[in-house]
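A closer look at the structure
So the chains spell out like this:
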Amino acid sequence: MAAWAAAVAAAGEAVQTASMASQSRFGRSRFGRAQSRLGRTRSRLGWAHRIRRVGNLINLSTPLGLLIAAIGSARRRPGPSGLTLAEGYRVRFPPAGAFTVGNVVISPLTFATLTARQPEVMEHEDVHAWQYFWCGGLAFLPLYLLAVGWSWLRTGDPASRNPFERAAGLARGGYREAPVSNAGLAYLAARIQTLTLKPSRLAERSR
Ligand SMILES: [Zn+2]
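Computed from a predicted structure; not experimentally measured. (Residues numbered from 1 in each chain as written. Predicted model: local features only at pLDDT ≥ 70, side-chain atom pairs only at ≥ 80, totals over all residues.)

1. Digging into the pairing of strand β1 (residues 75-78)
Relative to strand β2 (residues 84-87), β1 is paired through four bridges, and the arrangement is antiparallel. Residue pairing in the sheet places Arg-75 in a bridge with Glu-87 of β2. Taking the residues that link successive antiparallel strands as the turn, the β1-β2 hairpin has five residues, and the phi of Ser-81 there is positive, at about 60°. (Pairing = 2+ DSSP bridges. Helix = DSSP H or I, 4+ residues; strand = E, 2+ residues; numbered from the N terminus.)

Printed below as a string of structure tokens:
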């Protein structure tokens, strides 16, 4: 876990360092500043990002991301830190401003629009790319679904208690943190009660 945290921190630092040195054509976004020096950023890709890029290619998460981008007719271009940006995604699922599969960050918007709305969204998505790497690729998807389920049970919201979203930064990803209310659990308990009560009521009526 410590190695995981250190790698995530290192990734965050690398993104920051790459972006701090340059000017923006997308406004004040740190990601935008990194984008405007794309050539330099790419040639200076650090060893950690190189390993992540190769790892996410071999573990098939990046190929899956490219396939999803192609299905959604998204336009692809190279992004910072070895990521691929796919914008103008046309499929309505998942309902998100942006989502990451392997090293591919996919958005229905243009990244200029997206980063204007959420200046730190790329730092958030960068952490997700690391999460695919550390989960060994496609195993991230069932683990993420479990995390969504857990968060929903605890708060009634898919992100607030989802460890993957919390590690990536809720605010940076455009999420508002919902309090722990066990809203999902309460809903589920009520449904189970209805289901178990129904047969006994039917039995009562038939007497
Ligand atoms: Zn996220």
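2. Quick look at the nonpolar core
By size, the foremost hydrophobic cluster in this structure holds 23 residues, and its most contacted members are Ala-69, Ala-86, Val-104, Val-105 and Ile-106. Broken down by secondary-structure element, the contributors of at least two residues to this core are α5 (61-71), β2, β4 (104-107), α6 (111-117) and α7 (121-134). If you tally residues by element for this core, the top one is α7, at seven residues. Ignoring sequence-local partners within four residues, the contact set of Val-104 consists of Thr-62, Gly-65, Leu-66, Ala-69, Thr-84 and Ala-86. (Core = buried A, V, L, I, M, F, W, Y, C linked by C-beta atoms within 7 Å. Buried ≥ 20, exposed ≤ 12 C-beta atoms within 10 Å, placed from the backbone. Contact = placed C-beta atoms within 7 Å.)

3. Details of α5
Along α5, the positions that sit buried rather than exposed are Ser-61, Thr-62, Gly-65, Leu-66 and Ala-69. End-on view of α5: buried residues confined to an arc of 140°, all on one side of the axis. Exposed and facing more than 90 degrees away from the buried side of α5 are Ala-70 and Ile-71. (Arc of directions from axis to C-beta.)

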